Amino acid sequence: MKGFVLPEYNGRSITNIPGTVLRLFGIQNNLEPLAAPILNKLRGEYSSIIFLIIDGVGFYRYRELKEQGVIPNLAGFNEEYLTSVFPSTTTAALTSLSTGVPPAKHGMLGFKLFLKDFGVTTNMISFRPWKIQVSLVENGLDPDEFVKERRVYSYLEEGYVKSYILIRNFYRNTPLSRVIYGSHETYGIINSVDLFTTILKIHKKDKQKKFIVAYWGDTDTLAHRYGERSLEFELELRNLDFLLGETLKKLQGENVLFLITADHGHIDTVPEKAIDLSEDKFLQEEMVLPPGGEHRVVYLAVRNPEKVVKYLKEKYGDLAEVALREELEARNLWGGELGDFSSRVGDVILLARENNSFVYPENDEEKMMIGRHGGLSYEEMVVPFLWKRL
């Protein structure tokens, strides 16, 4: 898989952050932490660990802006790189950051998945079938039980550490937030100022040890619309950097460990060059379901996998890697064998090379995205991991 960055689940993945947090609080668990050279740098006794997840900020773009001197507070943190999960997308990554296990174990394997129990390809953010405005939650799907893996917050509770999960108000109690966080309470915020002031208020409210998780998604929204290299994306990150600086001043001497990472990065694409698979007549005849996955990683359930692989390599071989699901399982891309989750990803996988993308659009917005993710490029897969003791 030349030119691709594979996830490093054995100590250099965002998946290893929850196990690291538990060890820093002295809580026994079976989750794999970050590799010893990183973990040892973080060790200490802390009153609070604050964990900020900034959606869609790849390591490459972060380093560019750092070198330009426009994010001085982020630049003042200690720095490592980590890999995202596969696919490098929010639904999979945030679930791994909540459970400490790779996608093969928790089953959130992408943006669109075939759910066997309901017989439909489903948008895993809205939990609605492809092109059908019916909620699966209203038809028997229980978001709180969809992911069976234990969340890190329950381990912390047993160790007398109080967890606080901060997300935008409009994400609270949605099917996706319930899948990611289970039954654990979330706290709604209204904007970036509210995010950082709420972090301060929670930290200072009492003497109990705390794990404060704060998720910010506007960076990802802007990257999708304008690109990760856009002025809009840069200004959003600079705004967060300013607010972070003001927050750090008020946390000095408070015995806090502040961690920052991203769930994935972005690669800027040319929307007009996206390959529309709905126009491929051969695939239309071979597919038994609408495609799943991402614009950069397409999951195909087909009648004749070997025949489809041959066809795709001939037609799209310059644009993408083509593989059977079993081949990618053997490479540990999802972090283990998929087992009962195999049907969610189909039989054949298209992995976009360079900045190519594939769409099977439900709407025009999907066609017009500039920043995209899900794939295995350096820009998508490698994210910053930053830390500072206060």
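Okay, so let's go over this structure. (Residues numbered from 1 in each chain as written. Predicted model: local features only at pLDDT ≥ 70, side-chain atom pairs only at ≥ 80, totals over all residues. Heavy atoms only, no water.)

### Some points on helix α3 (residues 59-67)
So, point 1. What α3 keeps buried is the set F59, R61, Y62, E64 and L65.
So, point 2. Elements in contact with the buried residues of α3: α4 (72-75), β2 (78-83), α12 (231-251), α17 (378-381) and β18 (382-389).
So, point 3. Taken from the residues just after α3, G69 is the one with a positive phi, measuring 80 degrees. (Buried < 20%, exposed > 50% of the residue type's maximum accessible area, 1.4 Å probe, protein only. Helix = DSSP H or I, 4+ residues; strand = E, 2+ residues; numbered from the N terminus. Contact = heavy atoms within 4.5 Å.)

### What to know about the nonpolar core
So, point 1. Grouped together as the largest cluster of nonpolar side chains are 107 residues, with contacts concentrated most on F211, F258 and W334.
So, point 2. At seven residues, α12 tops the list of elements feeding residues into this core.
So, point 3. The contact partners of F211, leaving out residues within four places of it in the chain, are V21, F25, I49, F51, Y153, L156, V161, K162, S163 and Y164.
So, point 4. Core analysis: the next-biggest nonpolar cluster, separate from the first, contains 20 residues, L283, V309, Y311 and Y360 among them. (Core = buried A, V, L, I, M, F, W, Y, C linked by side-chain atoms within 4.5 Å.)

### What about the pattern of salt bridges?
So, point 1. For the structure on display, the rule yields 23 salt bridges.
So, point 2. Notably, a salt bridge pairs E45 with K209, separated by 3.6 Å at the nearest N-O pair. Separated by 164 residues along the polypeptide, E45 in the loop between α2 (36-42) and β1 (48-54) and K209 in the loop between α10 (192-204) and β8 (210-216) bring together distant segments of the chain.
So, point 3. Classification of K209 as partly exposed rests on a relative accessible area of 32%. (Salt bridge = Lys/Arg side-chain N within 4 Å of Asp/Glu carboxyl O.)

### A look at the pairing of strand β9 (residues 256-261)
So, point 1. Counting buried residues in β9 gives six out of six residues, a clear majority hidden from the surface.
So, point 2. Looking at chain direction, β1 and β9 are connected through six bridges and run parallel. Residue pairing across strands places L52 opposite I260, the latter belonging to β9.
So, point 3. Pairing analysis gives five bridges linking β9 to β18, with the strands arranged antiparallel. Paired with T261 across the two strands is F385, which belongs to β18. (Pairing = 2+ DSSP bridges.)

### Considerations on the packing of aromatic side chains
So, point 1. Per the stated rule, a full pass over the model turns up 14 aromatic pairs.
So, point 2. Ring centres of F127 and F146 lie 5.9 Å apart, and the angle between their planes is 85 degrees; this geometry places the pair in the edge-to-face category. Of this pair, F127 sits in the loop between β4 (120-123) and β5 (128-129) while F146 sits in helix α7 (residues 143-146); the two residues are 19 residues apart in sequence, bridging distant segments of the chain. For the pair shown, F127 and F146 are each scored as buried.
So, point 3. A centroid spacing of 5.3 Å and a plane angle of 40 degrees characterise the contact between W130 and Y360, whose relative ring orientation is tilted. Of this pair, W130 sits in the loop between β5 and α7 while Y360 sits in the loop between β16 (358-359) and α16 (364-368), and the two are 230 residues apart along the sequence. (Phe/Tyr/Trp six-rings, centres within 6.5 Å; stacked < 30°, edge-to-face > 60°.)

### A short note on the side chain of D194
So, point 1. Within the fold, D194 resides in helix α10.
So, point 2. Although buried, D194 forms no salt bridge, and the nearest oppositely charged side chain, K201, lies 5.4 Å from it.
So, point 3. The contact partners of D194, leaving out residues within four places of it in the chain, are G188 and I189. (Lys, Arg positive; Asp, Glu negative; His and termini not counted.)

### Examining the sheet that holds strand β7 (residues 186-189)
So, point 1. The strand order across the open sheet formed by seven strands is β2-β18-β9-β1-β8-β6-β7, and the pairing between neighbours is mixed. Edge positions in the sheet fall to β2 and β7, since each of these pairs with one other strand and no more. When the angles between neighbouring strand axes are averaged without regard to direction, this sheet yields 20 degrees.
So, point 2. The pairing of β2 with β18 spans six bridges and is antiparallel. Its bridge partner being in β18, N78 is matched across the sheet by W387. (Axes fitted to C-alpha atoms, helices over the stretch in contact; angles between N-to-C directions.)

### A look at the packing of helix α11 (residues 218-226) against α12
So, point 1. Between α11 and α12, the least distance of the axes is 8 Å, while the angle of their chain directions is 165 degrees. The angle between α11 and α12 places the two elements in the roughly antiparallel class. Seen along the crossing, α11 lies across α12 with a hand that is left-handed. Contacts between α11 and α12 involve D218, T219, L222, A223 and Y226 from the first element and E232, F233, E236, L237 and L240 from the second.
So, point 2. Of the residues contributing to the contact of α11 with α12, the split by class is six nonpolar, one polar and three charged. (Parallel < 35°, antiparallel > 145°, perpendicular 65-115°, else oblique. Left-handed = near helix turned anticlockwise from the far one by under 90°. Nonpolar A, V, L, I, M, F, W, Y, C, P; charged D, E, K, R; others polar.)

So, to be careful, I would describe these as geometric facts and stop short of saying anything about function.
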